[in-house]
Amino acid sequence: FSASRNRLTGRVPCPGAGRVGSEDEAITRCESNDADPDVTYTGAEGLYHLDLGYNALDGEVPARCLVRCSPGLAVVKLGSNRLTGTVPVAFASLRETMRHLDLSSNELHGQLPVEFSELDRIQTLDLSLNRIGGQVPGTWMTDMEALYTLDLAHNRLTGEFPTIGANMRRLRRGMLGR
């Protein structure tokens, strides 16, 4: 599903949950068949590509809901919006499917989740142009074996960059500049 480069506003929707007031309510709906009486499945289990980048969406990324309602997500592009909050740890549970995660050009803060090292099949991770601080977890540079592009530029990262492990043979692009 792609609706990028529009003028969408409001919160990032949770596919398959229908119109809900909170992320917890959306998760509950995905776990039951109440989302839509005409839909015979729960959530949006077949959704593998979600691109809502370059809009004016705000609020926190409903990652727990996206993971629960769309467990087959391989591509999530939410870059260039007005999203707030921390980098969602919940995406780490998509280790079997996640290939591309773009949360760039938002207003995310906090630390880089060490749990992302479980995304051993991810090929592109773009968290650039946010307000993320702290250090790059060392396990990112040893366990994310399929990583081809890592963009962490224009954040507030500190400390030494971890040693890149021998099994990181696919890494070709690493952007860390300010």
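Right above here is the structure, for reference.
Quick caveat: nothing in here was measured; it's all calculated off a predicted structure.

Asks: Kindly report on the sheet that holds strand 4 (residues 75–77), identifying the contributing residues and their values.
Replies: The strand order across the open sheet formed by 6 strands is 2-4-6-8-10-12, and the pairing between neighbours is parallel. The outermost strands of the open sheet, each flanked by one partner alone, are strand 2 (49–51) and strand 12 (173–175). The mean angle between the axes of side-by-side strands here comes to 5°, regardless of whether they run parallel or antiparallel. Where strand 6 (residues 100–102) and strand 8 (residues 124–126) come together, 3 bridges link them in parallel fashion. Bridging across to strand 8, D102 finds its partner in D126.

Asks: Describe in detail the environment of R156, supporting the description with residues and values.
Replies: With respect to the helices and strands, the residue R156 is situated in strand 11 (residues 156–157). As for R156 and R131, which are separated by 25 residues in sequence, their C-alpha atoms are 5.8 Å apart. The contact partners of R156, leaving out residues within four places of it in the chain, are R131, I132, G133, G134 and R178.

Asks: How would you explain a nonpolar patch on the surface if you had to name every residue and give the values?
Replies: A cluster of nonpolar side chains, namely F161, I164 and L176, defines an oily patch on the protein surface of about 250 Å² accessible area. Assignment of secondary structure puts F161 in the loop between strand 11 and strand 12. Looking at F161, the relative accessible area reads 33%, which means it is partly exposed.

Asks: Requested: an account of the environment of A56, with residues and values cited.
Replies: Inspection of the secondary structure assignment puts A56 in strand 3 (residues 56–60). Apart from residues no more than four positions distant in its own chain, A56 is found in contact with L8, T9, G10, N81 and R82.

Asks: So, the nonpolar core: which residues are in play, and what are the values?
Replies: Among the nonpolar cores identified, the biggest contains 39 residues, and F91, F116, L125 and W140 are the most heavily contacted of them. For this core, the elements supplying multiple residues, two or more each, are helix 2 (63–69) and helix 3 (140–143). The element best represented in this core is helix 2, accounting for 3 residues.

Conventions adopted
Residues numbered from 1 in each chain as written. Predicted model: local features only at pLDDT ≥ 70, side-chain atom pairs only at ≥ 80, totals over all residues. Heavy atoms only, no water. Pairing = 2+ DSSP bridges. Helix = DSSP H or I, 4+ residues; strand = E, 2+ residues; numbered from the N terminus. Axes fitted to C-alpha atoms, helices over the stretch in contact; angles between N-to-C directions. Contact = heavy atoms within 4.5 Å. Patch = residues over 30% accessible without salt bridge, like charges linked within 9 Å, V, L, I, M, F, W, Y side chains within 5 Å. Areas by Shrake-Rupley, 256 points an atom, 1.4 Å probe, with all protein chains shown as cover. Salt bridge = Lys/Arg side-chain N within 4 Å of Asp/Glu carboxyl O. Buried < 20%, exposed > 50% of the residue type's maximum accessible area, 1.4 Å probe, protein only. Core = buried A, V, L, I, M, F, W, Y, C linked by side-chain atoms within 4.5 Å.

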